[in-house]
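Working through the structure, step by step
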Protein chains: 2
Amino acid sequence: MINQTMEQLGSSPSVIRELFAYGLTQAKIVGPENVFDYTLGNPSIPAPTKVNQAICDILTDTDSIAVHGYSMAGGFDTTRTAIADNLNRRFGTSVTAQNLFITCGAAPALISVIKALSAEPGQSEIMAVAPYFPEYRPFVENNGCKLVVIPADCQNFQIDLKEVEARLTIDTQAIIINSPNNPSGVVYTEETLKSLAEILTTKAQVYGHPIYIIADEPYRELTYGNVKAPFIPTIYDNTIVCYSWSKSLSLPGERIGYVLVPDSCENAKALYNGVAGAARAGGHVCAPTLLQKVIERCVDEMPDLQAYDENRILLYDSLTQMGYHCAKPDGAFYLFVKAPNGDGRAFSETAKMKYNLLVVPGEEFECPGYLRVSYCVSNDMIRRSLPAFQKLIDTLG
Amino acid sequence: MINQTMEQLGSSPSVIRELFAYGLTQAKIVGPENVFDYTLGNPSIPAPTKVNQAICDILTDTDSIAVHGYSMAGGFDTTRTAIADNLNRRFGTSVTAQNLFITCGAAPALISVIKALSAEPGQSEIMAVAPYFPEYRPFVENNGCKLVVIPADCQNFQIDLKEVEARLTIDTQAIIINSPNNPSGVVYTEETLKSLAEILTTKAQVYGHPIYIIADEPYRELTYGNVKAPFIPTIYDNTIVCYSWSKSLSLPGERIGYVLVPDSCENAKALYNGVAGAARAGGHVCAPTLLQKVIERCVDEMPDLQAYDENRILLYDSLTQMGYHCAKPDGAFYLFVKAPNGDGRAFSETAKMKYNLLVVPGEEFECPGYLRVSYCVSNDMIRRSLPAFQKLIDTLG
């Protein structure tokens, strides 16, 4: 009587959520200062003050019906123009308002693109590169496509391009590229992306249809040192961008993001209409309008990454000194650590039971033998957790 | 290369939107005071002042990360408890926070329920009663079910129960009940609902599975005179409620609503999990968190319906005096008018071209020969439009 797949999805425990819930329980028993919760990717820096100021300003200077009334499905023209202008200033592109469809966050953006590309439901393929955000699987499989996973490049956590080439088929519609990456914290280099672009271009000619890159980039602005995440539409014409301000403006709960279909995409118009139609079929009416107006005023705000950066350096340096091997953390707020015992699940379980140290096994991201450590936490918690990390590598390494 | 259904959905013009767009264009040519736009169901009264006040209070008294960070997928416990308490106070129910799943508006709520009930994709049936909200069709057909439409009861715009009984099959999972009704403005009586409940109960026994009522009730609080919309879970145990504050608090752009699965539903737990899983498969992460906190503080606010009521009375009395036949408008903000020439499309076209009077043909709601007139407009516009209505019935009636 109930769709079994939906029931399963709704009741299946997420390992990440279970770890987090365990942490909450333990905090009540042993005190929060004795729990080291590195599980969730929840921004730990507040939204820029300009955001809350913008909300107050809007409520004062804009008529209530204009603030809280419907926008067109794709979003206010003024908001889309502001977003386009910002991208063009930063990346030298020629984005216009008409290329943008504002969504309730990045997840619905991805789903609308996937649905639009499910040209042959059940047969169309979407690629993802391990380690990958686990929700890609239900997103793809429940929206008309098949997921093809490229095994992780455990040397550099770039992309195993030979595998990509080997696994491309005539049914491949797109490859999801998440850079800066969750869970690895790595940023794909321009070289990697150009090589990928070449492979896709060649195969597209062979198969007679475009193969899109779906650039899933909510961490775009979260890069450190001199590293910048290349804006992929400037490298490969057939790039669709999915974005949200969840991480860059610390607004994950507010559900505001977009799909960008640049004019350079083949079938751009059909694709945009497909995204709009998929959104409609999924119950999208418009993205939250107050937040659209906030974005219009705050689109040029960049996050203050100092707190994340200090955490990043502390964690990476400390763990490396102890003998842990870590992927080079140039972006997002994740450190991807090789489990010294080669078993992410076993390490995670031991860390949890012995030290209330909560880290997510790489198995959850289809990268066994690794651990995701989210450093969107307090710097103090990192310091206090280091002895536990030390003991673990002493005993398990 | 692009899913044809999605592309079609995204590019097919909505008659309502086209009329609205025509009105905007005409307003620039002849002046807005000479365009009588009755097309959209956009609330014309502002949100209660308490709403904007609550937003400011929350930004002041609550930490930014707590305001803008993720909530659990189903919503903050405190918000859900506030909603439950409010329903229990008003309707004598025993709703708890765990029965509620907060969504980004009513549309995603409906879609999650439909998906959850698509037990046999492509075969499971959902009923709707004409005249009905046109989006039900893409909602149902693109989420695993077939739509079965019960023809309109043009006498009273209640429900043709004989037809319901005749069209129920073993594949019928649910019937969508939208009361107060868009587009008819009618409220289903307790008698109608009880009779419906009996039919469904009997058939459920025959077929060996529950047949749910999906109560789609964003207009629940918009009733006039002594008329109240019965709370359907108190009449029929197997009722799932989909709600939003779009109309009651004039927050349509903010995307905040819920699914309620009462404990009295058969398979309540599986159903709730199915709704949660369907939401997840559709990219739901959580409903906008600032608005969740607003609802927590404002859930007891009732709309000030005076402006709508004055419009309702003026429009209904005036049109009836001219000889128009109208469904009795007890709820929402729509007047459903019989086209005097028996042809909704022709009347709408003539009204548009000759008088810039924009009304939606009943054909759009599968009720030919009628017109939907949305009176969420200024009272002054109604007055100024009356001569056009008069001329139309003189010439076309």
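Position labels on residues start from 1 in each chain and follow its written sequence. Labels follow written order: the first chain is A, the first ligand is 1, and so on. pLDDT decides what is reported in this predicted model: residues at 70 or higher carry local features, side-chain atom pairs at 80 or more are listed and counted, and totals for whole chains, interfaces and linings draw on all residues regardless. Processing note: side-chain calculations cover all non-hydrogen atoms of the structure and skip hydrogens and water entirely.

Points about the relation of the copies chain B and chain A
Least squares is the method for superposing the copies, and the C-alpha atoms it fits come from residues with pLDDT of at least 70 in both. Taken as rigid bodies, chain B and chain A are interconverted by a rotation of 180° and an axial shift of 0.0 Å, the fit giving an RMSD of 0.0 Å. In short, the pair behaves as if placed about a two-fold rotation axis. Contacts were defined at the residue level, with two residues in contact if any of their heavy atoms lie within 4.5 Å. A share of 100% of interface residues in chain B that are also interface residues in chain A marks the association as one of identical surfaces.

Some words on the interface of chain B and chain A
Counting from both sides, the interface comprises 72 residues of chain B and, opposite them, 72 residues of chain A. By buried area we mean the combined loss of accessible area, with a 1.4 Å probe, across both parts when two parts are placed together. On the chain B side of the contact with chain A, M1(B), Y70(B) and R280(B) bury the most area, a combined 14% of that side's loss. Think of a salt bridge as a Lys or Arg side-chain nitrogen and an Asp or Glu carboxyl oxygen that are within 4 Å of each other. Taken together, chain B and chain A are joined by 2 salt bridges. Between R280(A) and E135(B) there is a salt bridge, with the nearest N and O atoms lying 2.7 Å from each other. Side-chain atoms alone can form a polar contact between residues adjacent in sequence; in general such a contact is a pair of N or O atoms within 3.5 Å, and within protein one must be able to donate a hydrogen while the other accepts it. The tally of links between chain B and chain A comes to 28 residue pairs in polar contact (both at pLDDT 80 or more).

Describing the pairing of strand β5 (residues 172-177) of chain A
Residue and element names in this part refer to chain A. Note on exposure labels: buried denotes an accessible area under 20% of the residue type's maximum, exposed denotes more than 50%, and partly exposed covers the range between, all computed with a 1.4 Å probe on protein chains only. By the criteria applied, helices consist of DSSP H or I runs no shorter than four residues and strands consist of E runs no shorter than two, each listed in order from the N terminus. The buried count for β5 comes to 6 of 6 residues, which makes it a mostly enclosed element. Two strands qualify as a pair provided DSSP detects at least 2 bridges between them. Both β5 and strand β6 (residues 212-216) contribute to a ladder of 4 bridges, which runs parallel. By the bridge assignment for β6, I175 is matched with I213.

A few points about the environment of Q26(B)
All names here are of chain B. Structurally, Q26 can be placed in helix α2 (residues 15-30). Q26 sits in the buried class, given a relative accessible area of 14%. Once the C-alpha coordinates of Q26 and E296 are considered, the two residues, 270 residues apart in sequence, prove to be 42 Å apart. In contact with Q26, not counting residues within four places along its chain, are G31, V35 and N356.

Examining the packing of helix α5 (residues 77-91) of chain A against helix α11 (residues 289-298) of chain A
Axes are the key here: two packed helices are described by the angle between their axes and the distance separating the axes. Residues and elements named next belong to chain A. Here α5 crosses α11 at 35°, and the two axes come no closer than 8 Å. Crossing geometry of α5 relative to α11 is assigned as left-handed. Where α5 abuts α11, its residues T78, T79, A82 and I83 lie against Q292, K293, I295 and E296. A breakdown of the residues in the contact of α5 with α11 according to their chemical character gives 3 nonpolar, 3 polar and 2 charged. Axis angles are defined between N-to-C directions and span 0 to 180 degrees, where every axis is a line fitted to C-alpha atoms and, for a helix, only to the segment in contact. Crossings are sorted by hand: turned counterclockwise from the far helix by less than a right angle, the near helix makes the crossing left-handed, and turned clockwise it makes it right-handed. Put simply, Ala, Val, Leu, Ile, Met, Phe, Trp, Tyr, Cys and Pro go in the nonpolar bin, Asp, Glu, Lys and Arg in the charged bin, and everything else, Gly too, in the polar bin.

Quick notes on the confidence of the model for chain A
For every residue, the predictor assigns a confidence score, pLDDT, that lies between 0 and 100. Looking at chain A as a whole, its pLDDT mean stands at 97, while 100% of the residues score no less than 70. Here the complex is predicted with pTM 0.96, and the ipTM for its interfaces comes to 0.95.

A few points about unusual backbone geometry
All names here are of chain A. Across the junction of A130 and P131, the peptide omega takes the value -5°, indicating a cis bond. Tracing the backbone shows P131 in the loop between β3 (125-129) and α7 (136-141). Note the cis peptide between N182 and P183, where omega equals 20°. Looking at the secondary structure, you find P183 in the loop between β5 and α9 (190-207). Phi is positive for R255, which is not a glycine, with a value near 60°. Here R255 lies in the loop between β7 (239-244) and β8 (257-260).

Looking at the pairing of strand β3 (residues 125-129) of chain B
Residues and elements named next belong to chain B. The buried count for β3 comes to 5 of 5 residues, which makes it a mostly enclosed element. Side chains of β3 alternate between two faces, with E125, M127 and V129 and I126 and A128 buried alike. Bridging between β3 and strand β4 (residues 146-150) involves 5 bridges; their strand directions are parallel. Residue pairing in the sheet places M127 in a bridge with V148 of β4. Once you follow β3 into helix α7 (residues 136-141) and on to β4, the crossover reads as right-handed. In this sheet, strand β5 (residues 172-177) lies alongside β3 in parallel orientation, the contact comprising 4 bridges. Within β5, the residue paired with A128 across the bridge is I176. Call a crossover right-handed when, viewed with both strands pointing away from you, the route from the first strand across the helix to the second goes clockwise.

Some details on the sheet that holds strand β11 (residues 360-361) of chain A
Residue and element names in this part refer to chain A. Read across the open sheet, the 3 strands follow the order β9-β12-β11; overall the sheet is antiparallel. Of all strands in the sheet, those bounded by a partner on one side alone are β9 (334-338) and β11. Here β11 pairs with strand β12 (residues 370-374) via 2 bridges, running antiparallel. Bridging across to β12, P361 finds its partner in L371.

With respect to the pattern of salt bridges
Under the defined criterion, the tally for this structure stands at 30 salt bridges over all chains. Across the pair E366(B) and R137(B) runs a salt bridge whose closest N-O atoms are separated by 2.9 Å. In this pair, E366(B) is assigned in the loop between β11 (360-361) and β12 (370-374) and R137(B) in helix α7, connecting sequence segments 229 residues apart. For E366(B), a relative accessible area of 35% gives the class partly exposed. The salt bridge involving K352(B) is made with E349(B); its shortest N-O contact spans 3.8 Å. On the criterion of helical spacing, the pair formed by K352(B) and E349(B) is a turn pair, its members being 3 residues apart in helix α13 (residues 344-355). K352(B) gets classed as buried once you look at its relative accessible area, which sits at 16%. Residues joined in a network through salt bridges with shared partners are R90(A), E217(A), R220(A) and E221(A).

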